[in-house]
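Structure assessment
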Amino acid sequence: MGTLNELLTVARRQLNVRECPPDSNNVRYNTWYWGREVSGSGYPWCVAFVQWCFDQAGAPLPCRTGSCSALLRWYRANQPERVAQDPMPGDIVIYRFGHTGIVESASGSDVTAIEGNTSPGQGGSQDNGGMVCRKNRADKYIIGAVRPAFDREQEEKPMTGKEIYDALQAYLDAQRVPAGVQEEYRQAVEAGITDGKNPCRLVPRWQAAIMAKRAAEKGK
């Protein structure tokens, strides 16, 4: 099953893709959805884009439709627990003006989504613009969101400071003292400046200060 990161990566890679020729609805997502190349006003593709992204990410949607309203109705009837009012990344957001996209981020009353068949900026058609764009829209335009089932648990989480420190120390533990200074290091161990354990580990300032103090005392 696909992950959130995979889904958003797939969607982001489609940014700026355009139908060709303009105003034709001839685009890869429609070709995939219909199983053949299509064109004409009867083939809007914002939902086909969403369907394609989920399929490419390994999380195909259980409802195969090219209609925003039909998609929302299906989930309300068959998986109501997956219909949400507060969109979050990975959700399919449904707009009042018959359009949809994949939520990339949500903040306050706005969402940022990657949408197919729209226009960049505020100009042009927002629901039939012929291009994949990143759009920021106010929640007043949202009638609902669908939260499809895919693996959100295996997402890569930011490491804590301790986890970063432990990982770095584990890496350094596997390193060796450079050949050119091994004899000096042996002498430092014999002089009691260091205990000789984990020679490549990071040294906190307090420990470095103690080692410098020991070295100074040995030199008296």
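Residues numbered from 1 in each chain as written. Predicted model: local features only at pLDDT ≥ 70, side-chain atom pairs only at ≥ 80, totals over all residues. Heavy atoms only, no water.

In this structure, strand β2 (residues 92-95) lies alongside strand β3 (residues 99-107), joined through four bridges in antiparallel fashion. Looking at the pairing, Y95 lines up with H99 of β3. Here β2 folds back onto β3 in antiparallel fashion, the turn holding three residues, of which G98 has a positive phi close to 70°. Bridge count for β3 against strand β4 (residues 110-118) is five bridges, and the pairing is antiparallel. (Pairing = 2+ DSSP bridges. Helix = DSSP H or I, 4+ residues; strand = E, 2+ residues; numbered from the N terminus.)

Per-residue confidence for the protein averages 89 on the pLDDT scale, and 95% of its residues sit at or above 70. Within the protein, no element has a lower average pLDDT than helix α5 (residues 161-173), which sits at 79, and none a higher one than helix α2 (residues 28-34), at 98. (pLDDT = per-residue confidence, 0-100.)

Residues L4, L7, L8, V10 and A11 constitute the buried set of helix α1 (residues 4-12). Looking down the long axis of α1, one finds its buried residues gathered within 155° of arc, a one-sided arrangement. Where α1 is buried, its residues touch α3 (46-56), β3 and β4. (Buried < 20%, exposed > 50% of the residue type's maximum accessible area, 1.4 Å probe, protein only. Arc of directions from axis to C-beta. Contact = heavy atoms within 4.5 Å.)

Moving on, we come to the sheet that holds strand β1 (residues 83-84). Across the sheet, six strands lie side by side as β1-β6-β2-β3-β4-β5; this open sheet has antiparallel pairing. At either end of the open sheet lies a strand with only one pairing partner, and these are β1 and β5 (131-138). Strands in contact with α1 are β3, β4 and β5; relative to β3, the strand with the most contacts, it is inclined by about 120°. Lying over the sheet, α3 contacts β2, β3, β4 and β5, oriented at roughly 60° with respect to β3. (Axes fitted to C-alpha atoms, helices over the stretch in contact; angles between N-to-C directions.)

Attention now goes to the nonpolar core. In terms of nonpolar packing, the biggest core is built from 33 residues, with Y29, F49, C53, F54, I92 and I102 touching the most fellow members. For this core, the secondary-structure elements that each account for two or more residues are α1, α2, α3, α4 (68-78) and β2. It is α3 that provides the largest number of residues to this core, a total of eight residues. When sequence neighbours within four positions are dropped, the list of residues in contact with F54 reads L7, A59, P60, L61, G90, I92, I102, P148 and F150. Within the second largest apolar cluster, six residues are counted, among which are V93, Y95, V111 and I142. (Core = buried A, V, L, I, M, F, W, Y, C linked by side-chain atoms within 4.5 Å.)

Once that is clear, we can look at the packing of α1 against α3. Relative orientation of the contacting elements α1 and α3 amounts to 130°, with a least axis distance of 8 Å. Judged by the inter-axis angle, α1 sits oblique to α3. Crossing handedness for the pair α1 and α3: right-handed. In this structure, α1 contributes L7, V10 and A11 to the contact, and α3 contributes F49, W52, C53, F54 and Q56. Among the residues making up the contact of α1 with α3, the classes are represented as seven nonpolar, one polar and no charged. (Parallel < 35°, antiparallel > 145°, perpendicular 65-115°, else oblique. Left-handed = near helix turned anticlockwise from the far one by under 90°. Nonpolar A, V, L, I, M, F, W, Y, C, P; charged D, E, K, R; others polar.)

The next subject is the side chain of R137. With respect to the helices and strands, the residue R137 is situated in strand β5. At 3.1 Å, the side chain of R137 forms a polar contact with the side chain of Q126. Ignoring sequence-local partners within four residues, the contact set of R137 consists of Y95, F97, H99, S109, D110, V111, E115, T118 and Q126. (Polar contact = N/O pair within 3.5 Å; in protein donor to acceptor, adjacent residues only side chain to side chain.)

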